[in-house]
Amino acid sequence: MKVLAISGSLRQNSWNRKLLRLASKVLKKQGAEVEEFDLTPLPMYNGDIEAKGLPDSVISLRNAIKNADAVVIASPEYNGSMSSAIKNAVEWASRPPENVLRNKVYFVMGTGPGRSGARGMYAHLSAAIQTEGGWVVPSPKVLLPGVEQIISPEGELLDNSVSELLDQAMSKLLETAQRLSEREKAV
Ligand SMILES: Cc1cc2nc3c(=O)[nH]c(=O)nc-3n(C[C@H](O)[C@H](O)[C@H](O)COP(=O)(O)O)c2cc1C
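Residues numbered from 1 in each chain as written. Predicted model: local features only at pLDDT ≥ 70, side-chain atom pairs only at ≥ 80, totals over all residues. Heavy atoms only, no water.

(A) The overall build of the protein chain, seen in detail. In terms of helices and strands, the protein chain carries 6 helices and 8 strands. Seen in sequence order, the protein chain has helices and strands lined up from the N terminus as β-α-β-α-α-β-β-β-α-β-α-β-β-α. On C-alpha atoms alone, the protein chain measures out to a radius of gyration of 16 Å, which is about the 16 Å that the 2.2 N^0.38 rule sets for 187 residues. Burial status across the protein chain gives 49% buried among its 187 residues. Contacts in the protein chain between residues far apart in sequence, at least 24 positions, make up 77% of those at least 6 positions apart. (Helix = DSSP H or I, 4+ residues; strand = E, 2+ residues; numbered from the N terminus. Rg over C-alpha atoms; globule rule 2.2 N^0.38 Å. Buried < 20%, exposed > 50% of the residue type's maximum accessible area, 1.4 Å probe, protein only. Contact = heavy atoms within 4.5 Å.)

Okay, here's the thing in structure tokens:
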């Protein structure tokens, strides 16, 4: 299984990037191939740019999603919703000639130092992906408030229960992607 890993925070020292890398480690341990895609070079979606021809960074994003069996996203919550960086990626990925978000399996997770556990981000990002025909794994949820107690500044996991949660979550992602690919082959 090929999994694409995307951080919805552009910050190099982002907590969500650290969470994403912990999830990537788990996925590799479970036998998946993982590629991380950095959203930093992506321009804001603009129909004028699109009309002139897709920029290389957009083509790379679209190809990376297309070639993956599953996508894992770790995104912060901004203003009770998702970050503009991840929404922008969804916008570019959904455009013709092919909506590359369709019929893929996604795991959406999020964290931050606050108490919300990025639930607003989860609701809005899942809805956007589902609108475009993607399948979001509904459980278990990896929405972690108070990240400073869970991940060290160096990116090490400090909490064993979260380690178990990540194991379960990533195995659910791979299992769901496997089932979807078997179903597609059978049709
Ligand atoms: C523009 C902006 C809006 C934010 N809104 C929220 C919010 O609605 N809920 C929340 O829990 N944290 C909010 N935060 C705090 C972020 O969760 C926190 O900065 C987090 O560390 C960002 O993720 P990162 O470390 O992966 O970059 C906001 C931060 C910014 C910059």
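That was the structure; now back to the text.
(B) Local environment of the environment of Lys 18. Note that Lys 18 resides in helix H1 (residues 15-29). Counting along the chain gives 115 residues from Lys 18 to Gly 133, while the straight-line C-alpha distance between them is 28 Å. Each residue touching Lys 18, except ones within four places of it in the same chain, is listed here: Asn 13, Ile 151, Ser 152, Pro 153 and Gly 155.

(C) Up close: the site of the ligand. Within the structure, the ligand sits among Ser 9, Arg 11, Ser 14, Trp 15, Asn 16, Pro 76, Glu 77, Tyr 78, Asn 79, Gly 80, Pro 113 and Ser 116. The protein chains hide 66% of the 620 Å² of surface that the ligand would expose on its own. Sorting the residues of the shell around the ligand by element identifies H1 and strand E4 (77-78) as the ones contributing at least two each. Across the shell around the ligand, the residue classes tally to 4 nonpolar, 6 polar and 2 charged. (Near = heavy atom within 4 Å. Areas by Shrake-Rupley, 256 points an atom, 1.4 Å probe, with all protein chains shown as cover. Nonpolar A, V, L, I, M, F, W, Y, C, P; charged D, E, K, R; others polar.)

(D) The pairing of strand E3 (residues 70-74), seen in detail. Taken across its 5 residues, E3 has 5 buried, putting it largely inside the fold. Taking every second residue as pointing to the same face, both faces of E3 are buried, with Ala 70, Val 72 and Ala 74 on one and Val 71 and Ile 73 on the other. One ladder, built from 5 bridges, connects strand E1 (residues 2-7) with E3; its direction is parallel. Residue pairing for E3: Val 3 is matched across the bridge by Ala 70. Pairing between E3 and strand E6 (residues 105-111): 5 bridges, direction parallel. In the sheet register, Val 71 faces E6, and the bridge partner there is Tyr 106. (Pairing = 2+ DSSP bridges.)

(E) Molecular detail of the packing of H1 against helix H6 (residues 160-186). Their axes nearest at 9 Å, the elements H1 and H6 cross at an angle of 65°. Of the two elements, H1 crosses H6, and the hand of that crossing is right-handed. Across from Leu 19, Leu 22, Ala 23, Val 26, Leu 27 and Lys 29 in H1, the residues of H6 making contact are Leu 166, Asp 167, Met 170, Leu 173 and Leu 174. (Axes fitted to C-alpha atoms, helices over the stretch in contact; angles between N-to-C directions. Left-handed = near helix turned anticlockwise from the far one by under 90°.)

(F) Broad picture of the layout of surface pockets. Reported here for the largest pocket is a volume of approximately 180 Å³. Lining of the largest pocket is provided by 18 residues; of these, Asn 16, Pro 76, Thr 111, Gly 112 and Pro 113 occupy positions nearest its centre. Of all the secondary-structure elements, those providing two or more residues to the lining of the largest pocket are H1 and E4. Broken down by class, the residue content of the lining of the largest pocket amounts to 7 nonpolar, 8 polar and 3 charged. (1 Å grid on protein atoms, 1.4 Å probe; cavity = no way out; pocket = protein on both sides within 12 Å on 5 of 7 lines; lining within 4 Å. Points joined across faces, edges and corners; volume = space filled by probe spheres on them.)

(G) Just the packing of helix H3 (residues 56-67) against helix H4 (residues 84-93), in detail. Between H3 and H4, the least distance of the axes is 10 Å, while the angle of their chain directions is 80°. Relative to H4, the element H3 lies roughly perpendicular. Contacts between H3 and H4 involve Val 58, Leu 61, Arg 62 and Ile 65 on the former and, on the latter, Ala 89, Trp 92 and Ala 93. Considering only residue class, the contact of H3 with H4 consists of 6 nonpolar, no polar and 1 charged. (Parallel < 35°, antiparallel > 145°, perpendicular 65-115°, else oblique.)

(H) Just empty space enclosed by the protein, in detail. Counted by the stated rule, this structure contains 1 cavity of 30 Å³ or more. Approximately 70 Å³ is the volume found for the largest cavity. As for the largest cavity, its lining consists of Ile 6, Leu 61, Ile 65, Val 71, Ile 73, Ile 86, Ala 89, Val 90, Leu 101, Tyr 106 and Ile 129. Listing elements by their share of the lining of the largest cavity, those giving two or more residues are H3, E3 and H4. In terms of residues, the lining of the largest cavity owes the most to one element, H4, which gives 3 residues.

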